[in-house]
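Below are the chains, spelled out letter by letter.
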Number of protein chains: 2
Amino acid sequence: MKSINLIESLRNVDTSSLVDRVEKNLIELFIEKGFKVGDTIPTELELKEAMGVSRTVIREALLRLRMIGLIDSKKRRGAVITSPDLTAVLQKSMNPQMLDDSTLREIFEMRLSLEIGMADFIIQRVTPEDIAELKAIVKSEPKKAKTHLFQIEQEIKFHGKLYDITGNETLKNFQKMLLPIFDYVHQSGILKKQIALKQFVSHAGLIELIEKGSAEKLRNGIRNHLENHFLRIL
Amino acid sequence: MKSINLIESLRNVDTSSLVDRVEKNLIELFIEKGFKVGDTIPTELELKEAMGVSRTVIREALLRLRMIGLIDSKKRRGAVITSPDLTAVLQKSMNPQMLDDSTLREIFEMRLSLEIGMADFIIQRVTPEDIAELKAIVKSEPKKAKTHLFQIEQEIKFHGKLYDITGNETLKNFQKMLLPIFDYVHQSGILKKQIALKQFVSHAGLIELIEKGSAEKLRNGIRNHLENHFLRIL
DNA sequence: TGCCCACATTATGTCATACATAATTCAAGT
DNA sequence: ACTTGAATTATGTATGACATAATGTGGGCA
């Protein structure tokens, strides 16, 4: 135990680069100073003076902040605080080919979790127009999916609408982001081969459940609807 | 419609900065060349030559890639491809004080969704040791929470363990990330004031459900357990 | 007066160069 | 065989210069 602590403390020699520290400092500074969205932050030159590092370092740190959407900078105007868009940040690293298999698989699972859990929000916030739209989507579905591709498109349309109904933008963005991954995993050899492809609760069935208005029933219905996916990972 | 299209096309004058484009190019290059985790990418000088821009620009682009965890660079060795850690990316922008209220609220909802949806994975992967640990946690809970703070700590411990059981690292990391947000939202004035604080399914009750082995029952149990939170947003 | 144009100003964007630093290689020396 | 240390190399940091775009400003003109 003691030796572990020793190693731990040895590891803490602050291996972070100067830019790392400046970045951290900047964030702390903004919070401390109570900067709000829309406020302009000091210029690069001022920060350089204040922190005693080169403008290069300041710039690289600001670049990171800009990247995570914390600031937005324009020429002459300087940089202003913005509200970070979480999903935009992820988008870039969310490339299926760049992620390793286990991460991909975990993301696949997360998507399933999210969709089951959002039943309550659907029930609470669905409007008659939403239901009509869902029905229209189902109606446009072919009896027997002609092509695999078409089938997937239908899936995306229907489930996308479900996310839509929750009115949760962050959730929607996540869905948009997770979709390519989900599809990729679905088709790749990461999971077990698709076996039965039995038909469980259908889209039409889900609509019925939504109309009935019971969150619990809908929740379990969605779970059932996703059974084919679950069969492949459990 | 036409005018909208016009505006759309006008907006597409490529307002992106040079660094933006280089970044994109680099990612495409890596994918195209089929770089795998562990491969070293060309040096900054080589990239500078190949792309015909200054090293500064290359560096800023690489900085971004490094930031999203796509590459990891060491002196002398150069930069190597790594598997991006999605959550590490988010961590920085996930500062409650930096996000606006509606986003915070949406994250709050997402966390609830996730937790309900993971019932299946818990049931599937729980071990006797896990259950013992859960019971130990519950045992250490005071009859009546002495302090609000202590109560929260207990919550975190128990629910953290639930995430743990799923064995899904990405999910766990998300939980870790969402926690501060969740807590912040919980205490801030964003949501309705906490009203009744009735006791629904308890932690002990959840353990029972886990032991019973029905994913559906557990799912609904978790939903019930979180009722206090739902009451505040619906 | 009030509007408009040209110029100055200013802060970010890009470039080039130099040096610092750390990791690796490799050969000399014990 | 092992260590030591210098050379090498790629990233890290610093600095100065110029480009570019947005804003501010003042003079000229109707």
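Residues numbered from 1 in each chain as written. Chains lettered and ligands numbered in written order. Predicted model: local features only at pLDDT ≥ 70, side-chain atom pairs only at ≥ 80, totals over all residues. Heavy atoms only, no water.

In this complex, chain A contributes 52 residues to the contact, which on the side of chain B involves 53 residues. Approximately 5400 Å² of surface area, both sides summed, lies buried where chain A meets chain B, with 64% of it carried by carbon and sulfur atoms. At the surface where chain A touches chain B, the tally comes to 6 salt bridges. As a salt-bridge pair, B:Arg223 and A:Asp120 come within 2.6 Å of each other at their nearest N and O atoms. Linking chain A to chain B there are 19 residue pairs in polar contact (both at pLDDT 80 or more). Among the secondary structure elements, those contributing two or more residues to the side of chain A that touches chain B are α2 (18-32), α4 (55-67), α5 (86-93), α6 (101-117), α7 (119-125), α10 (169-187), α12 (215-225) and α13 (227-233) of chain A. Residue contributions to the side of chain A that touches chain B peak at 10 residues, all from α6(A). In the side of chain A that touches chain B, the residues fall into 25 nonpolar, 12 polar and 15 charged. (Contact = heavy atoms within 4.5 Å. Buried area = accessible area lost by both parts, 1.4 Å probe. Salt bridge = Lys/Arg side-chain N within 4 Å of Asp/Glu carboxyl O. Polar contact = N/O pair within 3.5 Å; in protein donor to acceptor, adjacent residues only side chain to side chain. Helix = DSSP H or I, 4+ residues; strand = E, 2+ residues; numbered from the N terminus. Nonpolar A, V, L, I, M, F, W, Y, C, P; charged D, E, K, R; others polar.)

Right, let's get into the protein's contact with DNA strand D. Taken together, 21 residues form the shell around DNA strand D, and within it A:Leu18, A:Ser54, A:Thr56, A:Val57 and B:Arg76 come nearest. Sugar plus phosphate, as a fraction of atoms of DNA strand D within 4 Å of the protein: 68%. A distance of 3.1 Å separates a phosphate oxygen of DNA strand D from a polar backbone atom of B:Glu44. Listed by contribution, the elements that provide at least two residues to the surface near DNA strand D are α2 and α4 of chain A together with α4 (55-67), β1 (71-74) and β2 (78-81) of chain B. Here the residues of the surface near DNA strand D sort into 5 nonpolar, 6 polar and 10 charged. (Near = heavy atom within 4 Å.)

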